[in-house]
Amino acid sequence: MPSNSITYFSPAKINLFLNVLQKRPDGYHELETIMQTLDFGDDIQIVFGKNQGIEIHCDHPSVPRDTSNLVWKAIECFYRASEIKNPGISITLRKRIPMGSGLGGGSSNAVTVLKALNQRHSFPLSDLNLHEIAAMLGSDTNFFLNIGTWFCTGRGEHLIRKIESRRWTFLLLFPGFESSTQKVYGRFLFDLTKHPSHHSLPLESSLSQGTLEELEKYIHNNLRAPFLSCYPQVKPLLGLIERELSIAKATTCEKAKKVCVSGSGSTLFLICDDDSDASFWMNRFRQKKMKVDGVIAHTQDCL
Ligand code: C5P
């Protein structure tokens, strides 16, 4: 008999490549993106059969505990599609992934619970069923049905190919505000003279075999400009970080590290040599009294 209380890890993701291709008649944007799950994420405790219906608990005040939470919707979709009676589900979310941070926290939580329910009830839903439910919940939700590095298209929901990646270290930097995905996409400008076509293949090969400098060179996100335009308050912080990176590299011949944006923001990230390099930079930003929190994370399911 399975235990009535199980805790699952719900990983964050970053976008290493995000190319907006066109606006679609349904209002969404057609994309090419490479997403990567991280070993940084939330913990979700699921208790079965304690109370009737659905309950969501969370220590974070801005996380909804009602039907507007994607986790709630995922539970409802699962029991409707499987035609199994809900035995009573109590969810406790231990949030580490900031809200509105471009790290897919809400989508990851919903899909982690969806997979957990399917496992608990001995897999009544096929992979196809799970993908259909995930696509109804959001655009980056399908990605979380798998782990690792994936090239995705459509709204982001079509997982086209898995990419072999070696283990990379990232310093994730949280500027302390939420970014609205809808608002950032709404600010995207289709100007072909300013947005030359970008290809993901050089990034894909540098993920498995390249150097850090090559990876930085091919990382691409054309939501960066609309994110900065929607949230100009991040520009001074970005300027300070870039200044520190270039001062530190001034004595060497190396190029300064690049500050990247994940998805529609607000997370900024650096690719680092290893944990001590990432700690060095975090300490340096703290010494300079920058208003930014940071965590070290690594690629999950890598070579
Ligand atoms: O799918 P999700 O709920 O994450 O998307 C939030 C909003 O972001 C959508 O309502 C849409 O305005 C925008 N979006 C988009 N194109 C995408 C993904 C999201 O325009 N590929």
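In what follows, the structure referred to is the one given above.
This write-up is about the structure you can find in this document. Since the model is a prediction, treat every value here as computed from it, not as a measurement.

## Structural notes on the packing of helix 8 (residues 235-249) against helix 9 (residues 275-287)
- As a packed pair, helix 8 and helix 9 sit with axes 11 Å apart at the nearest point and diverge in direction by 120°. Relative to helix 9, helix 8 is oriented oblique. Judged by the sense of rotation from one axis to the other, the crossing of helix 8 with helix 9 is right-handed. Contact residues: helix 8 offers Ile241, Glu244, Leu245, Ile247 and Ala248, while helix 9 offers Trp281, Arg284 and Phe285.

## Side note on a negative patch on the surface
- A contiguous patch of negative charge on the surface is contributed by Asp39, Glu213, Glu214, Asp273, Asp274 and Asp275.
- Looking at the element boundaries, Asp274 is found in the loop between strand 10 (268-272) and helix 9.
- Owing to a relative accessible area of 36%, Asp274 belongs among the partly exposed residues under this scheme.

## Focus: helix 5 (residues 201-209)
- Buried within helix 5 we find Leu203, Glu204, Ser206, Leu207 and Ser208.
- On the buried face of helix 5, the contacting elements are strand 1 (5-23), strand 2 (29-48), strand 5 (149-154), strand 6 (158-163) and helix 6 (212-218).

## Quick notes on the site of the ligand
- Around the ligand, a shell composed of Gly27, Tyr28, His29, Leu31, Gly138, Ser139, Arg155, Thr181, Gln182 and Tyr185 is seen.
- With respect to the ligand, the side chain of His29 contributes an N or O atom lying 2.7 Å from an oxygen atom.
- In the environment of the ligand, an oxygen atom lies 2.6 Å from a nitrogen or oxygen atom belonging to the side chain of Ser139.
- Out of a free accessible area of 450 Å², the ligand has 76% covered by protein chains.
- Applying the majority rule of atoms within 2 Å of the grid points places the ligand in the largest pocket.
- Within the residue set of the shell around the ligand, elements represented by two or more residues are strand 2 and helix 4 (181-186).
- In terms of residue count, the dominant contributor to the shell around the ligand is helix 4 (three residues).
- Partitioned by chemical class, the residues of the shell around the ligand number three nonpolar, six polar and one charged.

## Considerations on the environment of Ser107
- Following the sequence through the fold, Ser107 ends up in helix 2 (residues 105-120).
- Ser107 gets classed as buried once you look at its relative accessible area, which sits at 10%.
- As for Ser107 and Arg24, which are separated by 83 residues in sequence, their C-alpha atoms are 22 Å apart.
- Excluding residues within four positions of it along the chain, Ser107 makes contact with Leu70, Asp140, Thr141 and Phe144.

## Remarks on the pairing of strand 3 (residues 54-58)
- By the alternation rule, side chains of strand 3 split into Ile54, Ile56 and Cys58, which are all buried, and Glu55 and His57, of which none is buried.
- Sheet topology note: the strand 3/strand 4 (residues 89-94) ladder contains five bridges and is parallel. Across the sheet, the residue bridging to Glu55 is Ser90, located in strand 4.
- Viewed along the sheet, the connection from strand 3 through helix 1 (residues 70-82) into strand 4 turns out left-handed.

## Observations concerning the pattern of salt bridges
- Summed over all chains, the structure comprises nine salt bridges.
- Between Arg224 and Glu242 there is a salt bridge whose closest N-O contact spans 3.7 Å. Of this pair, Arg224 sits in helix 7 (residues 224-230) while Glu242 sits in helix 8, and the two are 18 residues apart along the sequence.
- On the basis of relative accessibility, which here comes to 37%, the residue Glu242 falls in the partly exposed class.
- Across the pair Arg284 and Glu244 runs a salt bridge whose closest N-O atoms are separated by 2.9 Å. Pair noted here: Arg284 is in helix 9 and Glu244 is in helix 8, with a separation of 40 residues, a long-range link.
- Classification of Glu244 as buried rests on a relative accessible area of 4%.
- Residues participating in the shared-partner salt-bridge network are Arg24, Asp26 and Glu30.

## Examining the nonpolar core
- Ile46, Ile75, Ile89, Ile91, Val113 and Leu117 are the most contacted members of the largest nonpolar core, which totals 36 residues.
- Of all the secondary-structure elements, those providing two or more residues to this core are strand 2, strand 3, helix 1, strand 4, helix 2, helix 3 (127-137) and strand 5.
- At seven residues, the largest contribution of residues to this core is made by helix 1.
- Not counting the four nearest positions on each side in its chain, Ile75 is found in contact with Ile54, Asn86, Ile89, Ile91, Val113 and Leu117.
- Of all hydrophobic cores here, the second largest spans 30 residues; its members include Val184, Val259, Leu270 and Met282.

What counts, and at which threshold
Residues numbered from 1 in each chain as written. Predicted model: local features only at pLDDT ≥ 70, side-chain atom pairs only at ≥ 80, totals over all residues. Heavy atoms only, no water. Axes fitted to C-alpha atoms, helices over the stretch in contact; angles between N-to-C directions. Helix = DSSP H or I, 4+ residues; strand = E, 2+ residues; numbered from the N terminus. Parallel < 35°, antiparallel > 145°, perpendicular 65-115°, else oblique. Left-handed = near helix turned anticlockwise from the far one by under 90°. Contact = heavy atoms within 4.5 Å. Patch = residues over 30% accessible without salt bridge, like charges linked within 9 Å, V, L, I, M, F, W, Y side chains within 5 Å. Areas by Shrake-Rupley, 256 points an atom, 1.4 Å probe, with all protein chains shown as cover. Salt bridge = Lys/Arg side-chain N within 4 Å of Asp/Glu carboxyl O. Lys, Arg positive; Asp, Glu negative; His and termini not counted. Charge placed at Lys NZ, Arg CZ, Asp CG, Glu CD. Buried < 20%, exposed > 50% of the residue type's maximum accessible area, 1.4 Å probe, protein only. Near = heavy atom within 4 Å. Polar contact = N/O pair within 3.5 Å; in protein donor to acceptor, adjacent residues only side chain to side chain. 1 Å grid on protein atoms, 1.4 Å probe; cavity = no way out; pocket = protein on both sides within 12 Å on 5 of 7 lines; lining within 4 Å. Sits in = over half its atoms within 2 Å of the grid points. Nonpolar A, V, L, I, M, F, W, Y, C, P; charged D, E, K, R; others polar. Pairing = 2+ DSSP bridges. Right-handed = clockwise from strand over helix to strand, strands pointing away. Core = buried A, V, L, I, M, F, W, Y, C linked by side-chain atoms within 4.5 Å.

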